[in-house]
Amino acid sequence: MSIVTVQLGQCGNQIGHEVFSALCSDIRGTHGLCSKNENQSYQDSCKERFFCEEESAVPVARAVLVDMEPKVISQALSMAASSGLWRYSSHSHFCQKQGSGNNWANGYCVHGPRHKEAIMELVQREAERCDRLGGFFTIMSMAGGTGSGLGAFVTQCLRDAFPTSFILNHVIWPYGTGEVIVQNYNSVLTLSHLYHSSDALLVHENDVIHKICAQLMNIKQISFRDVNQVIAHQLGSVFQPAHPAGGGSGYSRNPLGDLMETLVPHPEFRMLGLRNIPQMPESSLPYSTFSWPGLLKHLRQMLIANAQMEEGIDWQVRPPHPGSSMPSTNKPLHFNTSIANLLILRGKDVHGVDLGSFQDPSLYTSWLNPQDAFNAWKTPRAFNKYEKSAALVSNSQFLLKPLDSIVGKAWNMFASKAYLHQYTKFGIQEEDFLDCFTTLEQVISSYTNL
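The structure displayed is predicted, hence computed values, not measured ones.

Rules and cut-offs
- Residues numbered from 1 in each chain as written.
- Predicted model: local features only at pLDDT ≥ 70, side-chain atom pairs only at ≥ 80, totals over all residues.
- Heavy atoms only, no water.
- Salt bridge = Lys/Arg side-chain N within 4 Å of Asp/Glu carboxyl O.
- Helix = DSSP H or I, 4+ residues; strand = E, 2+ residues; numbered from the N terminus.
- Buried < 20%, exposed > 50% of the residue type's maximum accessible area, 1.4 Å probe, protein only.
- Pairing = 2+ DSSP bridges.
- Domains from an automatic or database assignment.
- Contact = heavy atoms within 4.5 Å.
- Buried area = accessible area lost by both parts, 1.4 Å probe.
- Core = buried A, V, L, I, M, F, W, Y, C linked by side-chain atoms within 4.5 Å.
- Phe/Tyr/Trp six-rings, centres within 6.5 Å; stacked < 30°, edge-to-face > 60°.
- Lys NZ or Arg CZ within 6 Å of the ring centre and 35° of its normal.
- Right-handed = clockwise from strand over helix to strand, strands pointing away.
- Axes fitted to C-alpha atoms, helices over the stretch in contact; angles between N-to-C directions.

(A) Summary view of the pattern of salt bridges. Enumeration over the complete set of coordinates arrives at ten salt bridges. Arg132 is the salt-bridge partner of Glu48, the closest N and O atoms lying 3.5 Å from each other. Of the two residues, Glu48 is situated in helix 2 (residues 36–50) and Arg132 in the loop between helix 4 (104–128) and strand 7 (133–141); the sequence distance between them amounts to 84 residues. For Glu48, a relative accessible area of 27% gives the class partly exposed. A salt bridge links Lys348 to Glu387; the shortest N-O distance between them is 3.7 Å. In this pair, Lys348 is assigned in the loop between strand 12 (338–347) and helix 11 (370–373) and Glu387 in the loop between strand 13 (374–379) and strand 14 (388–396), connecting sequence segments 39 residues apart. Residue classification places Glu387 among the partly exposed residues on the basis of a relative accessible area of 37%.

See below:
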């Protein structure tokens, strides 16, 4: 099944470009770890998901690019074309001459309705090119105007136009120190709107990825491109083909559907986080060896201690003892409870790996059977030069702190009516803000009580 990617705003278009580049370089990699047949079916499956083959034999990304200013889109188009490995379709982008000025209301109330028809026609055309449409993957930032405001609007349009398709929103959480003075407003508005129209939100925090670039990748002068490449690698490690457990020999048919089915058992809980191991500069790979027990021990501790990378994990955090029916308030400090986890293993010897430690009932909320809460996908084909690698997608309490902080900051600004006039002039009223706060307070409360 095919996935149509919708790249929204500057951030969405830059990350989207890196994602397709990462997928392409992975398909072209020569991996001696799996059979020729395995490698061929992996490549075919990836191409069916993300690219359509045209006469020119250069794969064309199944993507729609949307931005309110032309610069980033034209860069993405020309960089993809000049790579010679893949390109964007020349008819699947939409841009205007002026941006949304970091104003969510401008993107949502003005640009959205004004350009709805043109944008949705591109999406419809891209969807009709798929033999079987698996759903939509949107990439956007929460802090700006176009990605967040227009992104929330387009997601609602997708939901209306394709009521039975899966929609996964990939959302970039802004730096805590801030890029935009009104980023907390923009974030609250984006998240609460997406919560109503999306099937799940996959979140990457800029601060976390920045740390990975500095501490694990040893990059001295970190650029947005470095950050985006780490994000693209992590997304690729989830979306490239893998065999679902007990799914026979074939690759997962509907990646988005399978992802939702395993990770979103209840509509109140839609926040997904992603952790990867190992992550290191390519130059260090020849000097590194990894064992599955070592990798998984680190990954499990990253999960329960809510660490986003394998350095600086708090090894003191332990799961609560089974049978101690403690109220959730007395849980061990900093313990990150999960609703559901999906572990994706790629590379050498994947089939003999012991995953028992992830099936421990104390990791999960009490209302789901651990057998249902944990799933694993595997493939012997290595991903992007790593002999062994694991990705963990989890629906857990990982975002509670950042979410609480963003809602708190936005509420303080709202209480003093700071900058509200910038939103009301485009049609977002105080009641709209209050509705959004209510939605997110409910999300916070649900996750807190796990």
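Having put the structure on the table, let's press on.
(B) Molecular detail of the sheet that holds strand 5 (residues 87–88). The strand order across the open sheet built from three strands is 2-3-5, with neighbouring strands paired in mixed fashion. Edge positions in the sheet fall to strand 2 (51–52) and strand 5, since each has one partner strand and no second. Here strand 3 (residues 60–61) pairs with strand 5 via two bridges, running parallel. Among the inter-strand pairings, Ala61 is bridged to a residue of strand 5, identified as Tyr88.

(C) Region of interest: the domain arrangement of the protein. When cut into domains, the protein gives domain 1 (2–270), domain 2 (282–321 + 333–400) and domain 3 (401–449). Using C-alpha coordinates to define each centre, domain 1 is positioned 26 Å away from domain 3. At the interface, 28 residues of domain 1 touch 25 residues of domain 3. It is Asn184, Tyr185 and Val188 in domain 1 that bury the most area against domain 3; as a group they hold 30% of the surface buried on that side. Our count for the domain 1 to domain 3 interface comes out at zero salt bridges. Looking at the side of domain 1 that touches domain 3, the elements with two or more residues in it are helix 4 and helix 6 (183–197). Looking at which element gives the most residues to the side of domain 1 that touches domain 3, the answer is helix 6, with eleven residues.

(D) Structural detail: the nonpolar core. Ranked by size, the top nonpolar core spans 143 residues in total, and within it Leu168, Met271 and Leu343 carry the most contacts. Sequence-distant contacts of Leu168, defined by excluding residues within four places in its chain, comprise Phe136, Phe137, Thr138, Ser198, Ala200, Leu201, Leu202, Phe239, Leu256, Leu259, Met260 and Leu272.

(E) Broad picture of the packing of aromatic side chains. Counting across every chain of the model gives 21 aromatic pairs. Taken together, a centroid distance of 5.8 Å and an interplanar angle of 15° make the contact between Phe358 and Phe374 stacked. Of the two residues, Phe358 is situated in the loop between strand 12 and helix 11 and Phe374 in strand 13; the sequence distance between them amounts to 16 residues. Judged by relative accessible area, which is 0%, Phe358 ranks as buried. The rings of Phe20, Phe50, Phe51, Trp86, Tyr88, Phe137 and Phe239 are connected pair by pair, giving a single aromatic cluster. The residue whose ring lies beneath Arg270 is Tyr195, and the NZ or CZ to ring-centre distance is 5.9 Å. Taking NZ or CZ as reference, Arg346 lies 5.8 Å from the ring centre of Phe383, over its face.

(F) Spatial organisation of the pairing of strand 12. The buried count for strand 12 comes to ten of ten residues, which makes it a mostly enclosed element. Sheet topology places strand 12 next to strand 14; nine bridges connect them, and they run antiparallel. Across the sheet, Ala340 pairs through a bridge with Asn395, a residue of strand 14. Bridging between strand 12 and strand 13 involves six bridges; their strand directions are parallel. Looking at strand 13, one finds that Ile344 is bridged to Trp377.

(G) Geometry of the pairing of strand 8 (residues 166–173). For strand 8, the tally of buried residues reaches seven of eight residues, placing the bulk of the element in the interior. Of the pairings in the sheet, the one linking strand 7 to strand 8 comprises seven bridges and is parallel in character. What sits directly across from Gly135, in strand 8, is Phe166. Once you follow strand 7 into helix 5 (residues 146–161) and on to strand 8, the crossover reads as right-handed. Summarising the sheet, strand 8 and strand 9 (residues 200–205) pair through six bridges and their orientation is parallel. Bridge pairing in strand 9 places Ile172 opposite His204.

(H) View of the sheet that holds strand 13. The eleven strands are arranged 6-4-1-7-8-9-11-14-12-13-10 in an open sheet whose pairing can be described as mixed. Across the chains shown, the open sheet's two edge strands, defined by having one partner strand only, are strand 6 (93–95) and strand 10 (243–244). Note that strand 1 (residues 2–8) and strand 7 share six bridges and pair parallel. Along strand 7, the bridge assignment pairs Ile3 with Gly135. Sheet strands in contact with helix 9 (residues 255–263) are strand 1, strand 7, strand 8, strand 9, strand 11 (271–277), strand 12, strand 13 and strand 14, and its direction is about 75° off that of strand 8.

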